Amino acid sequence: MKRIVMCTLVSALMAGCGGGGNGSNLEPVNEDTTPDTGTPEEGEDNGTVTPGDQVTVLEGTWKKQCGSVDGESHYDIVTVSFTLGTFTTSIENYIDSGCTIPLQEAPNPVSSGNFSLGEDVVLSEGLTATELDTHVTQFDGAYFEIYEYDIIYINNNVLYAGIESGSSPEQRASSLNYNRPFYRLN
């Protein structure tokens, strides 16, 4: 059960960590640019800050279609929403490949926190992805303090995240996962 919860949390973080291509595409909403992204633990760097009053290329809701969870025997659907420097994720767990029969013993976790877009990164395949840093502050209503470092790329309203996010900027993904992208809902 603990393994399912941790895999689900990692999947949620990956969901919150997708995006891409234009890290500097910020549109001001108002003139107050005071960032509110939380404070990393001592010695950690949470990168470039997306001010809480800025609209980014991630703005809106994205959904990852039903698919298998790596290393597990169940399936999930992941939804993530980005709004002015904050995000929420929701994961629905299922026992069947059609995502019609809920996995009874697994929770359907919800997490939230802050995010920031950083620098553009040219990948080995020539695409320009964007650094995405997330700070999970709530997981199923409980206080959490998790920082994840990833890359994102958006093409035609399809969001690709890194193969595996890292727990420090030095461990940031350097390749994109093309197997289960997110599709923009709005």
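Here the structure is a predicted model, which is why all the values come from computation and not from measurement. (Residues numbered from 1 in each chain as written. Predicted model: local features only at pLDDT ≥ 70, side-chain atom pairs only at ≥ 80, totals over all residues. Heavy atoms only, no water.)

Enquirer: What is the right way to read the nonpolar core from this model?
Expert: Here is a general trend for soluble globular proteins: nonpolar side chains tend to be buried in one another's company. By size, the foremost hydrophobic cluster in this structure holds 17 residues, and its most contacted members are Leu 58, Trp 62, Phe 82, Phe 115, Leu 117 and Leu 159. Within the second largest apolar cluster, 8 residues are counted, among which are Ala 129, Ile 151, Tyr 153 and Ala 173. (Core = buried A, V, L, I, M, F, W, Y, C linked by side-chain atoms within 4.5 Å. Buried < 20%, exposed > 50% of the residue type's maximum accessible area, 1.4 Å probe, protein only.)

Enquirer: Help me out: how do you make sense of the pairing of strand β3 (residues 60-68) in this one?
Expert: On a regular strand, each side chain points to the face opposite its neighbour's, so the side chains alternate between the two faces of the sheet. Sheet topology places β3 next to strand β4 (residues 75-83); 7 bridges connect them, and they run antiparallel. Its bridge partner lying in β4, Ser 68 is registered against Tyr 75. Here β3 folds back onto β4, and the loop between the two strands holds 6 residues, one of which, Gly 71, carries a positive phi near 75°. Two strands pair when backbone bridges link them, and β3 and strand β10 (residues 182-184) are joined in this way by 3 bridges, in the antiparallel orientation. Note on β10: the bridge partner recorded for Trp 62 is Arg 184. (Pairing = 2+ DSSP bridges. Helix = DSSP H or I, 4+ residues; strand = E, 2+ residues; numbered from the N terminus.)

Enquirer: It is not clear to me how the environment of Asp 120 should be interpreted in this structure. Could you clarify?
Expert: By the secondary structure assignment, Asp 120 is in strand β6 (residues 110-122). Among the polar contacts made by the side chain of Asp 120, one reaches the side chain of Thr 130 at a distance of 3.2 Å. (Polar contact = N/O pair within 3.5 Å; in protein donor to acceptor, adjacent residues only side chain to side chain.)

Enquirer: Would you take a moment to explain the state of the cysteines for this structure?
Expert: Put plainly, a disulfide is one covalent bond tying together the sulfur atoms of two cysteines. Overall, the coordinates contain 1 disulfide when judged by the stated rule. At a sulfur-sulfur separation of 1.9 Å, the disulfide partner of Cys 66 is Cys 99. On the sign convention where negative is left-handed, the bridge of Cys 66 and Cys 99, at about 80° about the S-S bond, is right-handed. Of this pair, Cys 66 sits in strand β3 while Cys 99 sits in the loop between β5 (86-94) and β6; the two residues are 33 residues apart in sequence, bridging distant segments of the chain. For Cys 66, a relative accessible area of 27% translates into the label partly exposed. (Disulfide = S-S within 2.5 Å.)

Enquirer: Which parts of the structure should I look at to understand the packing of aromatic side chains?
Expert: Given two aromatic rings, their pairing is described by the distance between the two centres and the angle made by the two planes. The full count for this structure, using the stated rule, is 4 aromatic pairs. When the centroid spacing of 5.0 Å and the interplanar angle of 80° are considered together, the rings of Phe 82 and Phe 115 count as edge-to-face. Placement of the pair is Phe 82 in strand β4 and Phe 115 in strand β6, with a sequence separation of 33 residues. Both residues of the pair, Phe 82 and Phe 115, belong to the buried class. Connected via pairs of aromatic rings, a cluster forms that spans Tyr 153, Tyr 160 and Tyr 178. (Phe/Tyr/Trp six-rings, centres within 6.5 Å; stacked < 30°, edge-to-face > 60°.)

Enquirer: Would you explain the pattern of salt bridges in this entry?
Expert: Side-chain pairs of opposite charge can arise whenever the charged atoms involved come near each other. For the structure on display, the rule yields 3 salt bridges. One salt bridge in this structure joins Arg 172 and Glu 131, with 3.8 Å as the shortest N-O distance. In this pair, Arg 172 sits in the loop between β9 (158-161) and β10 while Glu 131 sits in strand β7 (residues 128-139), placing the two residues 41 residues apart along the sequence. Given the relative accessible area of 15%, Arg 172 is considered buried. Within this structure, Glu 131, Asp 133 and Arg 172 form a network of salt bridges that share partners. (Salt bridge = Lys/Arg side-chain N within 4 Å of Asp/Glu carboxyl O.)

Enquirer: Even after reading the chapter, I still don't get the side chain of Arg 172, so can you show me in this structure?
Expert: For Arg 172, the side chain forms a polar contact with the main-chain oxygen of Asp 150, separated by 2.8 Å. Filtering out sequence-adjacent residues up to four positions away, Arg 172 remains in contact with Glu 131, Leu 132, Asp 133, Tyr 149, Asp 150, Ile 151 and Gly 166. (Contact = heavy atoms within 4.5 Å.)

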